[in-house]
Each structure stands twice: as structure tokens, then as C-alpha cells.
Amino acid sequence: QVQLVESGGALVQAGDSLRLSCAASGLTFSRYSMGWFRQAPGKEREFVARIRWNAGSTYYGDSVKGRFTISRDNSENTVYLQMNSLKPEDTAVYYCAAHLLDKLIYDYWGQGTQVTVSS
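Reference entry: report on the structure contained in this document. Model, not experiment: these values are computed from the prediction.

Moving on: the sheet that holds strand β1 (residues 3–7). Strand order in the open sheet formed by four strands is β1-β3-β8-β7, with antiparallel pairing between adjacent strands. At either end of the open sheet lies a strand with only one pairing partner, and these are β1 and β7 (68–73). Across the sheet, the mean angle separating the axes of adjacent strands is 15° when strand polarity is ignored.

Right under this line is the structure:
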């Protein structure tokens, strides 16, 4: 049974930093590309970042480029999202997701972790 468990969400102030983690189990982590998405109340889900299965390439949504960094530790089956210079508009539930190799259709999703940025 595949599980993706996010952690690290919190209430922070604008300008602060936060690191989210997503621990994966039940899959061969090194064969899965990992993504982070977010959804704010009343808004559609938004792509945040993605890292390829071999950690060779990373991709970011325009709204987080230069502020967020995705990384992974295949020995720990964990993907991270380092978020710097947080803004109130970053407030959302953050989800991690996994897709096999470069398939680009996500197979598995976590249940999310809340990030709230106060002004």
C-alpha cells in the first residue's frame, strides 16, 4: 500500500521560511518523480514544484520560482520543499504526489499539510 505523508506545515509570518517533508512508503521511491501542489480555499489546485526520479531536473511554478526549492533524499524516501520569503498568498494546503519515472500523470497523492502565512 502506497502512502505519502506530508509534514511541516505551520502558521508563520510573511518573510519566514518553512520546510515541508513528504515521506513515501510502499513504492520504489527512486523510480518516482515527485511533485508538490497546493490548493487555497476557493481556488483550483496549483502546481508548485516537481523533481524527476533521478533528481536530475527540477521544475517550478511561476509564483514560487526563486523562493522555493524542491529536493529529495532517495535513501530516506523523502521529498522536501524549502519555502523562503513566504507571502500571505502562499497560504494553502500543500500536497505531495508521485508519478512513475517521467509519466507526468500522478499516481499517488498525500493528504496534505496546511501552510498559513500571516501578513
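With that settled, the discussion passes to the state of the cysteines. In total, this model carries one disulfide according to the counting rule given. Bridging C22 to C96, the disulfide has an S-S length of 1.9 Å. Torsion about the S-S bond of the C22 and C96 cystine: about 40°, corresponding to right-handed handedness. On the criterion of sequence distance, the pair formed by C22 in strand β3 (residues 18–25) and C96 in strand β9 (residues 92–100) is long-range, its members being 74 residues apart.

Rules behind the numbers
- Residues numbered from 1 in each chain as written.
- Predicted model: local features only at pLDDT ≥ 70, side-chain atom pairs only at ≥ 80, totals over all residues.
- Heavy atoms only, no water.
- Pairing = 2+ DSSP bridges.
- Helix = DSSP H or I, 4+ residues; strand = E, 2+ residues; numbered from the N terminus.
- Axes fitted to C-alpha atoms, helices over the stretch in contact; angles between N-to-C directions.
- Disulfide = S-S within 2.5 Å.

As far as function goes, none of this settles anything; it's purely spatial.
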